[in-house]
Amino acid sequence: MSDPSINIFPTEVYAARLEQAQAGAASAGLNGLIIGTGAELAYLTGSWLSTHERLTALVIPVLGTPTIILPSVDRGDLALSAIPDLDIKVRGWVDGENAHNLAIEALDPTGMQMLGVGIGSSITADHLIPIQGLLPVNIRYELAVNVLKELFVSKDDAEITQLRAAGAAIDRVHAQVPGLLTAGRTEREVATDLEALILREHTEVDFIIVGSGPNGANPHHSFSDRVLQTGDIVVLDIGGTFGPGYHSDCTRTYVVGGPDAQSNADFNQLYDALYAAQLAAVAQARPGVTAESVDRAARSVIEAAGYGEQFIHRTGHGIGLSTHEEPFIMAGNDLVLEPGMAFSIEPGIYIDGVHGARIEDIVVITDDGCETLNNQPKELQ
Ligand code: ZN
Ligand code: ZN
């Protein structure tokens, strides 16, 4: 097995995040946070412990030391995280003990008056309801993500380094795609090759979309047994998990047999509009503007070209330890962009029953604009 420490950040990174979470909970007027397994726990401790029906929770009181409560049988897995090096108490529990009670005790080590608790988004009802039953009625519950949001949404340098490396990794996979798209092969065969290529560059495959011909008109298509034909347009969207759990996500549009094999004149016009829209959104992405203005920048170009009705999804989504998170680049989101925010810019145009096209890059907001983390050519290939 490889050294697990290469998959986590230095301890100081997590220590600082825990401190900020504690301060955030205090300024929100909460007694503390109860965080379940998943991206929030990984963000705070580097641990990807998986959840079971038995409670695993990181309890962060506003005063005092955080405690991780977990089935004793899973304690060994903590070695894969930063927890052994952090100021976190470990409380293993065995059947017969009330794990929910342990969480309440850890939440209130100093006997403060209970006012409110921040609950992690992966704490399921079978744990939340017993926890609520043990706490005073009339206290306030809030999603912990409201406290963590600022931390989560603006990535620090260590995170951006990971996202940049993830972007380069998926770019190396896209560079090999033209060689995979030959007439006579099925989407599924192409996906099988992609799976191996993604795994060579990542720790996990997150998703593979090979949308050829009419399948490209469905943004949620995965892959099928459809046989590729020369001249088919192919929407190819792939992503994987990288390093301590950061994600890649990148789409390019290809033509089986190369761009010259494509004979539909309307499509060239469509693709030019899409390309211009994607560039317009990237140009709009900078500190101080709203998330919805980036969506508007892409959408107005596509509308002007007459394809407004065929751009059927939002322009993008935030990315980090989860593949879809704030900031969502969509109408109605007046969130103001700040340096460190990372998200996709992925306009698409979909002609039902015929074909589709999409161009997707991950960008990170910088002090005066944005950095594009995917750098494969955007032209039809
Ligand atoms: Zn994608
Ligand atoms: Zn995406």
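Residues numbered from 1 in each chain as written. Chains lettered and ligands numbered in written order. Predicted model: local features only at pLDDT ≥ 70, side-chain atom pairs only at ≥ 80, totals over all residues. Heavy atoms only, no water.

Quick rundown of the packing of aromatic side chains? Include the residues and the values.
Counted by the stated rule, this structure contains 4 aromatic pairs. Measuring from centroid to centroid gives 6.1 Å for phenylalanine 9 and tyrosine 14, while their planes differ by 40 degrees, and the two rings are tilted. You can call phenylalanine 9 buried: its relative accessible area is 7%. Judged by relative accessible area, tyrosine 14 falls into the buried class, the value being 1%. An angle of 55 degrees between the planes, with centres 5.9 Å apart, marks the rings of phenylalanine 9 and tyrosine 246 as tilted. Of this pair, phenylalanine 9 sits in the segment before helix 1 (11–27) while tyrosine 246 sits in strand 9 (residues 246–247), placing them 237 residues apart in sequence. Exposure class is identical for phenylalanine 9 and tyrosine 246. Each is buried. (Phe/Tyr/Trp six-rings, centres within 6.5 Å; stacked < 30°, edge-to-face > 60°. Buried < 20%, exposed > 50% of the residue type's maximum accessible area, 1.4 Å probe, protein only. Helix = DSSP H or I, 4+ residues; strand = E, 2+ residues; numbered from the N terminus.)

Account for the coordination of the zinc ion (ligand 1), with residues named and values stated.
Only Asp237 (OD), Asp237 (OD), Asp249 (OD) and Glu360 (OE) from the protein reach the zinc ion (ligand 1) as donors, at distances of 2.0 to 2.4 Å. What the 4 donor atoms of the zinc ion (ligand 1) show is an angle range of 57 to 145 degrees at the metal, which sorts the shape as irregular. Spacing between the donor residues of the zinc ion (ligand 1) along the chain follows D-x11-D-x110-E. A distance of 3.1 Å spans the gap from the zinc ion (ligand 1) to the zinc ion (ligand 2), which aspartate 249 bridges by coordinating each metal. (Donors = N, O, S within 2.8 Å, 3.2 Å for Na, K, Ca; no water. Tetrahedral: all angles 85-135°; square planar, octahedral: opposite > 155°, others 65-115°.)

Could you give an account of the coordination of the zinc ion (ligand 2), naming the residues involved and the relevant values?
Of the protein atoms, only Asp249 (OD), His317 (NE2), Glu346 (OE) and Glu360 (OE) coordinate the zinc ion (ligand 2), at distances of 2.1 to 2.3 Å. Sequence spacing of the donor residues for the zinc ion (ligand 2), all on one chain, is D-x67-H-x28-E-x13-E.

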